[in-house]
Amino acid sequence: MKYTSTRNSSVSVDSAYAIYHGISEDGGLFVPCEIPEIDDLEQLASLDYCGRAKAVLSRFLTDFTDEELDLCVSGAYLSGRFDGRTGCAPVVSPEDGNFILELWHGPTSAFKDMALQILPRLLTVAAKKTGEGKEICILVATSGDTGKAALEGFKDVEGTKIMVFYPENGVSPMQKLQMTTQEGNNVNVCAIKGNFDDAQTGVKRIFTDEQTKKVLAENGKVFSSANSINWGRLVPQIVYYVSAYLDVKEKTGADKVNIVVPTGNFGNILAAYYAMKMGVPVGKLICASNRNNILTDFIKTGVYDRNRDFYTTISPSMDILISSNLERLLYHMSGSDAEKVKGWMSELNEKGCYTVDEQVKNDISELFYASCCDDELTKKTIGELYEKTGYLCDTHTAVAVNACHEYRKETGDNTPCIIASTASPFKFASAVLEAVGGSTENLNEFEKLDVLSEKTGVEIPAPLCGFDKKEIRFKDSCTGETMRAKVLDALGIKE
Ligand SMILES: *Cc1c(COP(=O)(O)O)cnc(C)c1O
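Residues numbered from 1 in each chain as written. Predicted model: local features only at pLDDT ≥ 70, side-chain atom pairs only at ≥ 80, totals over all residues. Heavy atoms only, no water.

1. Structural notes on the pairing of strand 8 (residues 187-192)
Looking along a regular strand, one sees the side chains alternate between the two faces of the sheet. Most of strand 8 sits inside the fold, with 5 of its 6 residues counted as buried. Summarising the sheet, strand 7 (residues 160-167) and strand 8 pair through 6 bridges and their orientation is parallel. Residue pairing across strands places Tyr166 opposite Ala191, the latter belonging to strand 8. Where strand 8 and strand 16 (residues 477-478) come together, 2 bridges link them in parallel fashion. Residue pairing across strands places Ala191 opposite Ser477, the latter belonging to strand 16. (Buried < 20%, exposed > 50% of the residue type's maximum accessible area, 1.4 Å probe, protein only. Helix = DSSP H or I, 4+ residues; strand = E, 2+ residues; numbered from the N terminus. Pairing = 2+ DSSP bridges.)

2. Describing helix 5 (residues 119-130)
Here helix 5 contains 12 residues, and its C-alpha end-to-end distance of 16 Å stays within 8% of the 16 Å for a straight helix at 1.5 Å per residue. Those residues of helix 5 that sit buried are Leu119, Pro120, Leu122, Leu123, Val125, Ala126 and Ala127. (Expected span 1.5 Å × (residues − 1).)

3. Some thoughts on the side chain of Thr381
Within the element layout of this structure, Thr381 appears in helix 16 (residues 375-389). According to the relative accessible area criterion, Thr381 is buried, its value standing at 8%. Beyond its immediate sequence surroundings of up to four residues, Thr381 is in contact with Ala398, Val401 and Asn402. (Contact = heavy atoms within 4.5 Å.)

4. Overview of the packing of helix 2 (residues 49-60) against helix 3 (residues 66-77)
For the pair helix 2 and helix 3, interaxial distance at closest approach is 10 Å and the crossing angle is 140 degrees. In terms of their interaxial angle, helix 2 and helix 3 are classed as oblique. Here the hand of the crossing between helix 2 and helix 3 comes out right-handed. Residues Tyr49, Cys50, Ala53, Lys54, Leu57 and Ser58 of helix 2 form the contact with helix 3, whose own contacting residues are Leu69, Asp70, Val73, Ser74 and Tyr77. By residue class, the composition of the contact of helix 2 with helix 3 is 7 nonpolar, 2 polar and 2 charged. (Axes fitted to C-alpha atoms, helices over the stretch in contact; angles between N-to-C directions. Parallel < 35°, antiparallel > 145°, perpendicular 65-115°, else oblique. Left-handed = near helix turned anticlockwise from the far one by under 90°. Nonpolar A, V, L, I, M, F, W, Y, C, P; charged D, E, K, R; others polar.)

5. A word on the sheet that holds strand 4 (residues 91-95)
Read from one edge of the open sheet, 6 strands run 4-5-15-10-11-14, paired in mixed fashion. For this open sheet the edge positions go to strand 4 and strand 14 (368-372), each flanked by a neighbour on one side alone. In this sheet, neighbouring strand axes are inclined to one another by 25 degrees on average, regardless of whether the strands run parallel or antiparallel. Two elements, strand 5 (residues 98-102) and strand 15 (residues 417-421), share 5 bridges in a ladder whose sense is parallel. Bridge pairing in strand 15 places Asn98 opposite Cys417. Across the sheet, helix 17 (residues 395-411) lies against strand 4, strand 5, strand 10 (257-262), strand 11 (282-289), strand 14 and strand 15, angled at about 160 degrees from strand 15, the strand it touches most.

6. Comments concerning the pattern of salt bridges
Overall, the coordinates contain 28 salt bridges when judged by the stated rule. The salt bridge partner of Arg59 is Asp40, with a shortest N-O separation of 3.2 Å. Linking Arg59 in helix 2 with Asp40 in the loop between strand 3 (30-32) and helix 2, this pair joins segments that are 19 residues apart in sequence. Residue classification places Arg59 among the partly exposed positions, given a relative accessible area of 22%. Across the pair Glu495 and Arg484 runs a salt bridge, and its minimum N-O distance is 3.1 Å. You can see Glu495 sitting in the segment after helix 20 (483-490) and its partner Arg484 sitting in helix 20, a full 11 residues away along the chain. Residue Glu495 is classed as exposed on the basis of its relative accessible area, which comes to 62%. What makes Arg484 partly exposed here is its relative accessible area of 23%. (Salt bridge = Lys/Arg side-chain N within 4 Å of Asp/Glu carboxyl O.)

7. Considerations on the sheet that holds strand 1 (residues 3-5)
Taken in spatial order, the 3 strands make up an open sheet running 2-1-3, and their pairing is antiparallel. The open sheet has two edge strands with one neighbour each: strand 2 (8-13) and strand 3. Each neighbouring strand pair of the sheet contributes to a mean axis angle of 40 degrees, computed without reference to strand direction. Sheet analysis places strand 1 next to strand 3, joined by 3 bridges and oriented antiparallel. The partner of Thr4 across the bridge, within strand 3, is Val31. Where helix 13 (residues 326-333) meets the sheet, it contacts strand 1 and strand 3, and its direction lies at approximately 45 degrees from that of strand 3.

8. What about helix 16?
Taking 1.5 Å per residue as the helical rise, helix 16 with its 15 residues ought to reach 21 Å, and the 21 Å between its terminal C-alpha atoms agrees with that figure. Among the residues of helix 16, those classed as buried are Thr378, Thr381, Ile382, Gly383 and Leu385. If you follow the buried residues of helix 16, they end up packed against strand 4, helix 17 and helix 18 (429-435). Of the residues flanking the end of helix 16, it is Gly390, one or two places downstream, whose phi is positive at about 80 degrees.

9. Notes on the side chain of Glu95
Relative to the helices and strands, Glu95 is located in strand 4. No salt bridge is formed by the buried Glu95; its nearest oppositely charged neighbour, Lys388, is found at 5.3 Å. Excluding residues that lie within four positions of it along the chain, Glu95 makes contacts with Leu385, Thr389, Val401 and His405. (Lys, Arg positive; Asp, Glu negative; His and termini not counted.)

10. Notes on the site of the ligand
Lining the immediate surroundings of the ligand are 15 residues, of which Lys112, Asp145, Gly264, Asn265 and Thr422 lie closest. Interatomic distance of 3.3 Å between a backbone N/O atom of Gly267 and an oxygen atom of the ligand. At 2.8 Å from a nitrogen atom of the ligand is found a side-chain nitrogen or oxygen belonging to Thr422. Contact with the protein chains hides 98% of the accessible area of the ligand, taken as 380 Å² for the molecule alone. Residues of the shell around the ligand, tallied by class, amount to 5 nonpolar, 8 polar and 2 charged. (Near = heavy atom within 4 Å. Polar contact = N/O pair within 3.5 Å; in protein donor to acceptor, adjacent residues only side chain to side chain. Areas by Shrake-Rupley, 256 points an atom, 1.4 Å probe, with all protein chains shown as cover.)

Shown next, in the form of structure tokens:
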């Protein structure tokens, strides 16, 4: 299985190369040249999560041996870092026909763990295969959850260093605490004055800057990415959709599902698209956005226009105006037309806007349904779901639950829906507490968690306990312009 670039069809590399380098030289993203089918899907039903993971990964990462995949998979999902009582990706059904896929039982209580617990393992194997032997420097731009999950995944992993940039005023207090108290000898965290897009653009610029790459190489180092632009992030995410489909089929006998995903960078929903292409029978992929509804508009009109206001919301991990992974979807939907994708991406870069062909637009809106909601409706959804069923969900998941309800109302379609639940409600305790009718007045961040737990009877996940006793290790901040200097400084490189 070979991988090519979304912007240059002459690129052809193995998965190890794609994972090791993170992004193609031309600025494009690595995509598989063909999408493998699982023709024995039903046979995976008898396997546990690790077995299912190996079945999916082995079809994409054909240059990894069985033994290597075994070690990566069991190291990530069986080593006690996920809650042993629930398993990695349990499916629960508080409402008839709606199956909530809880992806937040890992060490940072967000779905990013599903990929970031395995990525460092895949990356270390990939580094050996490509034989370059350099120290891998991971740069991460985060809207909140990726940063912590990447830090946990990479901390003290030999041969790696990691540096995380987060928007100074764009993450929740809990997310900030999780990152600034991070332990480990190879980790670094820095706030950036700006929003997530500024952080992401800055990281991308550093990645592709020839001079910076040269300086790193001279110092025996190489950049790689833990953002969802890295193929090694996406491929483990395909697994849980395959797994959830098998679980729902077992419970209901349904032979088709819809999948609802609260979407930011378009990585998680793209993984659902790949699962469908591999053979999971999917009716609709439902893309749920918050008030930053650029994807809702795009799916409805075929026009991607980032010339609009940016809002900070109570679902901050989706406060994004440039959804990087959409580029991969455009590549597949345009019949692997790298020239076309390259053109759209440079229009986005230059004018902040592009319009896809009529055909591409129609194909996308056939497959995807899109819906968005503001903070008020997000809270109302949390409150109503809790009142009706006793189920407590976080703000991001609520955006998806609302999209699911809207879809059903508008279409009358009663196909079972898998709803990706991307964070523990305790990660966004303020908004969730208010949504269930509690008051946050005079409570600090830790007290909010306790009050929410007392009020709802829902247990606080262990990874979110004890932050009041931890030391804040990282207080630095920078701007888009000084990011590069911060990186070199953290790596101990003098120019
Ligand atoms: C990252 C994140 C999302 C968005 O996922 P994408 O892959 O960027 O679309 C949604 N919810 C939570 C809690 C997240 O951390």
